[in-house]
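Chain and residue survey
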There are 2 protein chains.
Amino acid sequence: MIQNLAKRRKTVRKFKKEKPPIEKILKIIEAAKEAPSGMNAQPWHFIIIETPERKREIRGLCEEGEKKFYEKMKGKLGKWLQDKGFTWKKPFLSDAPYLLLVFTDVRAPFAVQATWLAIGYLLLALEEEGLGTVTYTPPNPREIEELVNAPKHYKLQTILPVGYPNDEKPKYERKALEDVISFEKFEKNEY
Amino acid sequence: MIQNLAKRRKTVRKFKKEKPPIEKILKIIEAAKEAPSGMNAQPWHFIIIETPERKREIRGLCEEGEKKFYEKMKGKLGKWLQDKGFTWKKPFLSDAPYLLLVFTDVRAPFAVQATWLAIGYLLLALEEEGLGTVTYTPPNPREIEELVNAPKHYKLQTILPVGYPNDEKPKYERKALEDVISFEKFEKNEY
């Protein structure tokens, strides 16, 4: 079951206009907040954005940051993004019915790790509800943190645009099982 | 379903002696490797440890590190560990039928984040298979990395002891939903 959800789940950057009921969003956060964390600190906080104005503000800030990033970008990541057709434009930030901003309180032990573990729960719960997302990480998180009045120690981890999937792009292929496991120790010198 | 698994799942530090079939371990890694990652780099690598000798070596190295950590430890974390009855002893590292070492290739973009997201998949898949674990992070990862011949850029993220649960300790309580979400922006100044 988890294996099926995990295999089926792909990144979604295009969404239907229809807005999913808020109950679905709350249900997936109910799952995510059950994740374990160091000292049971539960360092995560979720901001649900629904208003078109705020989505546009967030998109605007992110795209400004993206433009600067794309101007400077070189190397492997640059080539990959270009090959895949990515640009500084992030329409999903205003087109998705919801933006789910995931923050972590960096004072907690292993806060970032625990929060991304919880994001793993989130993605599977979204898939089960028939919803899609992409784990978008803006180049300029500070500006978004200020926009939503984040307390000093709360750092933005990702912005998840959420809605019913409308994205024909297939899932990228994953490596074979034998290429990601070893017994007792690493077998090769290079990965 | 995900919500139920997530709610039911608790940290397990004591295991039955019975060894789960290796197929179950492979099945949960099959789920985890489906997680998304920046540039689809799939930066994770999983080492499955089954031999008593290697488990004992790992336990020995971790407990040496833990002793030093506990001698120096102060503050909130120290008090919390003491209150909860934790010590430098980590019997689960030799008692669990399997140790699953999760590594990440830190050269990949957002490698740590993607790998912990995949660990979120792992934990739910384990729960579904009736298996338990604790996301143990050793204080001295370098020594374990050397022991298992980890390539230079592969960093140990966690050691998951895996087996059938035999731990009566209840799940720690989670915060209420309303304490981890806000709409449009943070509502309070302090969290």
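Residues numbered from 1 in each chain as written. Chains lettered and ligands numbered in written order. Predicted model: local features only at pLDDT ≥ 70, side-chain atom pairs only at ≥ 80, totals over all residues. Heavy atoms only, no water.

In the nomenclature of an unreviewed UniProt entry, chain A is known as NAD(P)H-flavin oxidoreductase of Thermococcus sibiricus.

Let us now look at the pairing of strand E3 (residues 154–162) of chain B. All names here are of chain B. Across the nine residues that make up E3, a large majority, eight, are buried. Alignment of strand E2 (residues 98–105) against E3, held across eight bridges, turns out to be antiparallel. Its bridge partner lying in E3, Val 102 is registered against Thr 158. (Buried < 20%, exposed > 50% of the residue type's maximum accessible area, 1.4 Å probe, protein only. Helix = DSSP H or I, 4+ residues; strand = E, 2+ residues; numbered from the N terminus. Pairing = 2+ DSSP bridges.)

Take the interface of chain A and chain B next. Think of interface size as the accessible area that goes away when the parts come together; that is how it is often given. The partner chain B presents 73 residues to the 74 residues of chain A that form the contact. Approximately 7100 Å² of surface area, both sides summed, lies buried where chain A meets chain B, with 63% of it carried by carbon and sulfur atoms. If you sort the residues of chain A by the area they bury against chain B, Met39(A), Glu184(A) and Phe186(A) come out on top, with a joint share of 12%. Between the two partners, chain A and chain B, sit six salt bridges. (Contact = heavy atoms within 4.5 Å. Buried area = accessible area lost by both parts, 1.4 Å probe. Salt bridge = Lys/Arg side-chain N within 4 Å of Asp/Glu carboxyl O.)

Let us now look at the sheet that holds strand E4 (residues 181–183) of chain A. The sheet built from four strands is open, its strands ordered E4(A)-E1(B)-E2(B)-E3(B) with mixed pairing. At either margin of the open sheet sits one strand with a lone partner, and together these are E4 of chain A together with E3 of chain B. Neighbour to neighbour, the strand axes of the sheet diverge by 20 degrees on average, direction disregarded. Relative to the sheet, helix H2 (residues 22–32) of chain B contacts E4 of chain A together with strand E1 (44–49), E2 and E3 of chain B, its axis offset from that of E1(B) by approximately 170 degrees. (Axes fitted to C-alpha atoms, helices over the stretch in contact; angles between N-to-C directions.)

To continue, consider H2(B). Within the sequence span of H2(B), burial applies to Lys24(B), Ile25(B), Ile28(B), Ile29(B), Ala31(B) and Ala32(B). Relative to the axis of H2(B), the buried residues are bounded by an arc of 155 degrees and lie together on one face. Of the surrounding secondary structure, the elements contacted by the buried residues of H2(B) are helix H1 (2–8) and E4 of chain A together with E1, E2, helix H6 (111–128) and E3 of chain B. (Arc of directions from axis to C-beta.)

Each packed pair of helices is defined by two parameters, the angle between the axes and the distance between the axes. Residue and element names in this part refer to chain A. One way to put it is that helix H2 (residues 22–32) packs onto helix H6 (residues 111–128) with a least axis distance of 8 Å and a crossing angle of 140 degrees. You can see that H2 and H6 cross each other, and the crossing is right-handed. The segment H2 lies against H6, with Ile 28, Ile 29, Ala 31 and Ala 32 engaging Ala 118, Tyr 121, Leu 122, Ala 125 and Leu 126. Across the contact of H2 with H6, the residue classes tally to nine nonpolar, no polar and no charged. (Left-handed = near helix turned anticlockwise from the far one by under 90°. Nonpolar A, V, L, I, M, F, W, Y, C, P; charged D, E, K, R; others polar.)

On to the UniProt feature "domain: Nitroreductase" (unreviewed entry) in chain A, then. UniProt records the feature "domain: Nitroreductase" (unreviewed entry) at residues 7–164 of chain A, using the numbering of this structure. Helix makes up 46% of residues 7–164 of chain A and strand 15%, with an end-to-end C-alpha separation of 18 Å. (UniProt positions renumbered as here; feature names shortened; annotations may be inferred.)

What follows deals with H6(A). Residues and elements named next belong to chain A. With 18 residues, H6 should cover 26 Å at 1.5 Å per step; its first-to-last C-alpha distance of 26 Å lies within 8% of that length. Of all 18 residues making up H6, 16 are buried, and the element is well covered by its neighbours. With its phi angle positive at about 75 degrees, Gly 130 sits one or two positions after the end of H6. (Expected span 1.5 Å × (residues − 1).)

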